[in-house]
Amino acid sequence: MAGIDYSERIPNNVSLADNRRLQRALEEWHPKFLDWWMQMGPEGFQAKDVYLRTAVSVDAQGWAQFDYVRMPEYRWGLFLAEPESGRTIGFGDHMGAPAWQDVPGEYRGVLRRLIVTQGDTEPASVEQQRHLGRTCPSLYDLRNLFQINVEEGRHLWAMVYLLDAYFGRDGREESEALLQRRSGDRDKPRILGAFNEKTPDWLSYLMFTYFTDRDGKYQLASLAESGFDPLSRTCRFMLTEEAHHLFVGETGIGRVVQRTCELMREGKTDDVRRLGGIDLETLQKYINFHYSVSLDLFGSEVSTNAANFYTMGLKGRFEESKKKDDHRLKDATYTVSELVGDRITTREAPALPSLNERLRDDYIADCQRGVDRWNQIIKKHGIDFELRLPNRGFRRAIGLFAEVKVSPDGLVLSEAAWDSNKHAWLPTEADQAYVQSLMRPVTERGRFASWIAPPARGVNSQPVDFEYVRLA
Ligand code: BYC
């Protein structure tokens, strides 16, 4: 078993003790990380005991241990998935060569940029969620929020490890900069759009964990294919943690849908706001917003960056190793969206620059699966309503659709038509104010806010009314 050495100040399975230079760099960064965590991490709960999962080994069976922990004492550390002996590069110009154990000199800048972009999202999400604890719908949900926050903190550690271990002084400067940018800050914002949006309420947070964390799954899976082996191994382990974040999003929204349907049936009304629920129309608007912001995270439909990442062997496709083609794609094509006048159509484009669109397609199919499950809940209650993913051109800020206005049904609209309809498609100030009005803390064991159903089961076989966070 690949155990983690907790006797060290920084728990790790990367033999940190044998690398004095790296150890010094990380020990210098550690207090700065803690300062950032105290300043920008979950507000108001740093001294509370939280029932958290900590990684104790990186093998499939034994990697998680549950216990009460105060968040600043969480064992952040450096964990890589087991090495695969004899691993070779699986795609691009270097296909078949042994995977790199060190940074290939000619790709240094590009690789650093990829790692920094990934790393930047992790602290950003903690910053976005920092005020949510005060309005938690239950202790169960509060604990899950904190679990996600500490794991995003650990994912930041994972990227900082790569920067400090493999990129020398530049890497150390980037590690510092990751703690200096701030989500939503006008002067020093986070790198990617979605990570500068606000997460002002729990509905937005559940949507974020469903839609935006799912971008994380697809980006990490693509980086897990990397020919740079330390990045691949780091991302493979991060994906095991990511699964819980997606679970929180999918089941969380499912529980909101469930509660709304119960209220509609019990009250024999569509007007669930009267009963303290979130109406399905409002849920649809939140889906429209978070889905479109998250689609932007895949970059432009046609991107030379994406082609280069692939050709260089740095970032593969989702499940690259399962694909049965030449893994070079020089002569292949892929279907991408196209705008012809005010019509959205498709065209065949060279496959390499279309890799962002391909990954977005994989993501869209995955998003749809959850929506189908939520619709099952609605159907089971005998309610005639279907939640839908809007068209991929809806409300986009990056790529082909950034220049046009597109309805959820995929019609290209005039500015005037957009302006007169957008209130029906996106949360209005009144919708947001209503959702905000529901955000009153529920912290009694086993109790849940009016707008969300209890989960089917508790965490780690504990009952739903377990004291997941000790507030006293
Ligand atoms: N916002 O050729 P383009 C996660 C920039 S989430 C702002 O279209 P490219 C997590 C782009 O950087 C996963 N800027 O795109 C989730 C480029 O700028 P430069 C995060 C954007 O480069 C929840 C320019 O526009 N990981 O883990 O092919 C909680 C032209 O770019 C945006 C990664 O993203 C945007 N939305 O692809 C916690 C993986 N989109 O370089 C965590 C690493 C594009 O010209 N990143 N731009 O200055 C990448 O693979 C690529 O950078 C991207 C963009 C896919 C993001």
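Residues numbered from 1 in each chain as written. Predicted model: local features only at pLDDT ≥ 70, side-chain atom pairs only at ≥ 80, totals over all residues. Heavy atoms only, no water.

## Notes on the packing of aromatic side chains
Geometry of an aromatic ring pair is reported as the spacing of the ring centres plus the angle between the planes. The condition that has to hold: By convention, a stacked pair of Phe, Tyr or Trp rings (six-membered ring in the case of Trp) has centres within 6.5 Å and planes under 30 degrees apart, an edge-to-face pair has planes over 60 apart, and any other such pair is tilted. Helix numbering and strand numbering both begin at the N terminus, where a helix is a DSSP run of H or I of at least 4 residues and a strand a DSSP run of E of at least 2. Only protein chains enter the accessibility calculation, which uses a 1.4 Å probe. A residue is then buried if its area is under 20% of the maximum for its type, exposed if over 50%, and partly exposed in between.
Counted under the stated rule, the structure contains 33 aromatic pairs. Ring geometry for Trp-29 and Trp-157: centres 5.0 Å apart, planes at 90 degrees, overall edge-to-face. In this pair, Trp-29 is assigned in helix H1 (residues 20–40) and Trp-157 in helix H3 (residues 139–166), connecting sequence segments 128 residues apart. Accessibility expressed as a relative area gives 2% for Trp-29, which makes it buried. With relative accessibility at 0%, the residue Trp-157 sits in the buried group. Ring geometry for Tyr-51 versus Phe-466: centroids 4.9 Å apart, planes at 65 degrees, classification edge-to-face. Taken as a pair, Tyr-51 in strand E1 (residues 49–55) and Phe-466 in the loop between helix H11 (429–438) and strand E7 (469–470) lie far apart in primary sequence, 415 residues in all. Side by side, Tyr-51 and Phe-466 carry an identical accessibility label, which is buried. Feature note: the residues Trp-29, Phe-33, Trp-36, Trp-37, Tyr-74, Trp-76 and Trp-157 constitute an aromatic cluster, connected by ring pairs.

## Some points on the pattern of salt bridges
The test is simple: Any carboxyl oxygen of Asp or Glu within 4 Å of a side-chain nitrogen of Lys or Arg constitutes a salt bridge here.
In the structure shown here, the tally under the stated rule is 39 salt bridges. The residue Glu-73 makes a salt bridge to Arg-70 at a minimum N-O spacing of 4.0 Å. Exposure remark for Arg-70: the relative accessible area of 37% places this residue in the partly exposed category. Arg-181 is the salt-bridge partner of Asp-120, the closest N and O atoms lying 2.7 Å from each other. Pair noted here: Asp-120 is in helix H2 (residues 108–128) and Arg-181 is in the loop between helix H4 (168–180) and helix H5 (202–224), with a separation of 61 residues, a long-range link. In this pair, the class of Asp-120 matches that of Arg-181, namely buried. Residues participating in the shared-partner salt-bridge network are Asp-120, Glu-127, Arg-181, Arg-182 and Arg-190.

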